[in-house]
Amino acid sequence: MAVEPTRRDAARNRDLLVAAARRVFAERGPDVPLEEIAAEAGVSRTTLHRHFENRKALASAVLEHNVTDIEARAAALADADDGAERLFHFLLDVQFESPWLARVVADGRMPGTADLAARTAAALGPLLDRARSRGRVHPGVGTGDVLLTLPMVMAVQAAAAAALDGAEAPARLGTTRAILHRGLFTTEPPTAG
């Protein structure tokens with residue numbers, strides 16, 4: 001009987017570590033000391049290493065969790081005529097909140113990123129097909145085009161961080177969101193608010 005509580009504790013600790021890594025990476029980037037993530041999760045560094053061999057394994061788990069969220073969001077939007085647009089803006093929100101994601105994925109050395117990209121494209125595909133059948137997406141726009149916007153946003157974020165003060169950056173990102181939306185969809189972008 002002691003085995004089951006141990007497994008539950010291990011699963012809980014892993015979930016705590018992934019949630020803490022998501023928060024800490026979003027605030028300070030993926031290079032934060034692992035001790036800080038363990039502390040944020042309320043576990044020891046030994047526990048962290050019991051679950052994740054290294055930083056890449058932990059970042060991969062965070063990416064996996066994000067893709068699971070994307071898949072769940074896509075499933076919830078399956079019957080919505082504006083599902084593709086809403087999922088697109090969800091992807092942008094994730095990117096705006098966690099700019100480290102695109103840098104890690106673009107690096108190309110993160111294990112499993114190709115599979116995660118394929119899963120994201122598979123989640124987006126049916127929504128884009130529905131949008132296309134309703135005339136809500138420009139002809140010829142495919143999943144690859146939508147996903148290409150994420151590294152574009154990364155470049156805008158980097159430029160905004162380097163050139164703008166903090167007050168101007170949100171407006172620049174809002175403008176970027178509207179431009180990208182108009183380039184993909186035939187609908188008007190959502191208003192900020």
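Not measured: the values here are computed from a predicted model. (Residues numbered from 1 in each chain as written. Predicted model: local features only at pLDDT ≥ 70, side-chain atom pairs only at ≥ 80, totals over all residues. Heavy atoms only, no water.)

As for helix 2 (residues 34-41)
For an α-helix, the turn length of 3.6 residues means that residues three or four places apart are oriented alike. By the burial criterion, the buried members of helix 2 are L34, I37, A38 and A41. Each buried residue of helix 2 sits inside an arc of 100 degrees when the element is viewed along its axis, so together they form one side. In the stretch just after helix 2, G42 is the one whose phi turns positive, near 80 degrees. (Buried < 20%, exposed > 50% of the residue type's maximum accessible area, 1.4 Å probe, protein only. Helix = DSSP H or I, 4+ residues; strand = E, 2+ residues; numbered from the N terminus. Arc of directions from axis to C-beta.)

A short note on the pattern of salt bridges
Between side chains of opposite charge, pairing is possible as soon as their charged atoms come close. The tally for this structure, following the rule as stated, stands at 15 salt bridges. For the salt bridge of D129 with R132, the shortest nitrogen-to-oxygen distance reads 3.0 Å. Of the two residues, D129 and R132 both sit in helix 7 (residues 113-133), three residues apart, roughly one turn of that helix. With relative accessibility at 47%, the residue D129 sits in the partly exposed group. (Salt bridge = Lys/Arg side-chain N within 4 Å of Asp/Glu carboxyl O.)

A few points about the nonpolar core
With 25 residues, the main nonpolar core has L87, F88, V146 and F185 as its most contacted residues. Counting residues per element, the ones that place at least two in this core are helix 4 (55-76), helix 5 (83-97), helix 7, helix 8 (143-163) and helix 9 (169-184). A total of eight residues in this core trace back to one element, the largest contributor, which is helix 5. If we ignore the near neighbours within four places in the chain, the residues touching F88 are V146, T149, L180, H181, L184 and F185. Among the nonpolar cores identified, the runner-up in size contains 19 residues, and V18, V24, V32 and V43 belong to it. (Core = buried A, V, L, I, M, F, W, Y, C linked by side-chain atoms within 4.5 Å. Contact = heavy atoms within 4.5 Å.)

Comments concerning the side chain of T120
Along the chain, the position of T120 falls in helix 7. Judged by relative accessible area, T120 falls into the buried class, the value being 9%. Not counting chain neighbours up to four residues away, the residues in contact with T120 comprise V67, I70, L91 and L147.

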